[in-house]
Each structure stands twice: as C-alpha cells, then as structure tokens.
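Tertiary structure, described
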Amino acid sequence: MIALDFSENMLAKAKEKIKDKRVVFKKRDITTSWNIKNDFADLVTCNLILEHIKDLNLVFRQVSETLKNDGIFFVSELHPFKQYSGSKARYETEEGTQELATHVHHISEYITVAEKNGLKLMELKEWFDEDNKSEIPRLIGLVFQN
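Description of the structure in this document.

Each value, and the rule that gives it
- Every chain's residues receive numbers from 1 upward, in the order its sequence appears when written.
- Under the rules for a predicted model, residues below a pLDDT of 70 receive no local features and side-chain atom pairs below 80 are neither given nor counted, while totals for whole chains, interfaces and linings still include all residues.
- Calculation of side-chain values draws on the structure's entire complement of heavy atoms; hydrogens and water are dropped beforehand.
- Elements are defined by DSSP. Helices are runs of H or I of four residues or more, strands are runs of E of two residues or more, and each kind is numbered from the N terminus.
- Radius of gyration here is computed from C-alpha atoms only, and the compact-globule reference equals 2.2 Å multiplied by the residue count raised to the power 0.38.
- Residues belong to one nonpolar core when they are buried, are Ala, Val, Leu, Ile, Met, Phe, Trp, Tyr or Cys, and are joined through side-chain atoms within 4.5 Å.
- When accessible area is computed with a 1.4 Å probe and restricted to protein chains, residues below 20% of their type maximum are described as buried, those above 50% as exposed, and intermediate ones as partly exposed.

**As for the overall build of the protein**
Broken down by element type, the protein carries four helices and eight strands. Secondary structure elements in the protein, listed N-terminal to C-terminal, are β-α-β-β-α-β-α-β-β-α-β-β. Relative to the compact-globule value of 15 Å for 146 residues, the protein shows a C-alpha radius of gyration of 16 Å, a close match. Seen through its C-alpha atoms, the protein measures out along the principal axes to roughly 40 × 35 × 25 Å.

**Considerations on the nonpolar core**
Counting residues in each nonpolar core, the largest one holds 22 residues, and the members touching the most others are Leu50, Val59, Phe60, Phe73 and Phe144. Counting residues per element, the ones that place at least two in this core are strand E3 (41-47), helix H2 (56-66), strand E4 (67-78), helix H4 (107-116) and strand E8 (139-145). For this core, the element with the most residues is H2, which contributes four residues.

**Notes on the environment of Gln98**
The topology assignment puts Gln98 in strand E6 (residues 96-99). Sequence separation between Gln98 and Arg22 is 76 residues, and the spatial gap between their C-alpha atoms is 34 Å.

Written out as structure tokens, the structure is:
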C-alpha cells in the first residue's frame, strides 16, 4: 500500500494513525507523476483533496494508469452543493481560522473527467450531517471502475 501527500505534516498525521508496516508513505504532489508502476493498484482513494486541485484530469489520468483492470477508484469530497453555499475547507490555528484555496468541481465534471480517462461511474452516494436529509448534503462519494 502506498499513501501519497504533498504535506509532510499530513503524512506525519497519517503515520501516527496507520501503524501497518505494509504502508509506504511518500511525499508527492498528486498533480505530477506519482512514480508508481502502471497496473499496480486494486484500489485508489482520494479523500477531501480534489477540491484543492484545479485540473482533475491530471489526477484521473494517473489513477487510470495506476489501477489494474477492474480496479476501483473511490472519491469522497465536500459536496459541491455545500461549496455552492459558501462552505470551504478550513482549519484552526493559534492565529484563528484559516481557509484553504479551493475549486468547485461539479458532479458532472467528476463523471466527465473519469469517462475521458477510461473510468466508469459505478456508484454515487451523498452523506448528510447527522442524517438530516432535508439539508444540503455534506459529502459526496463516487465509485469508479477502470
């Protein structure tokens, strides 16, 4: 298993949580070459990172190349509807709340970019805060297959 992130701090947090010696942590910008051999993975996941990437095609191309035939790509992101309402990624520091630069990716964009890179949508789910389905969904989950 390989875990990629461009942030040393996030890799350190991941290492604290994941003690399995089979996981290799690598500092990488996922919008550049991952340096992972083709047809390597059965599963690739992106969790709460694609909103920070302007051009999804770069990532989806790498995913398509990295996945084995019939491999799965699972995406979990802040729902675009939440972003339309002004919600964005943020975190607390000693100086106060910091907001990160984000890009809104419409549901149709995820599907179109996936198809362009040979990935087929298998499932789409939405998660709500406290299962309150009368509000805007918090997260979107997409499952694609190579």
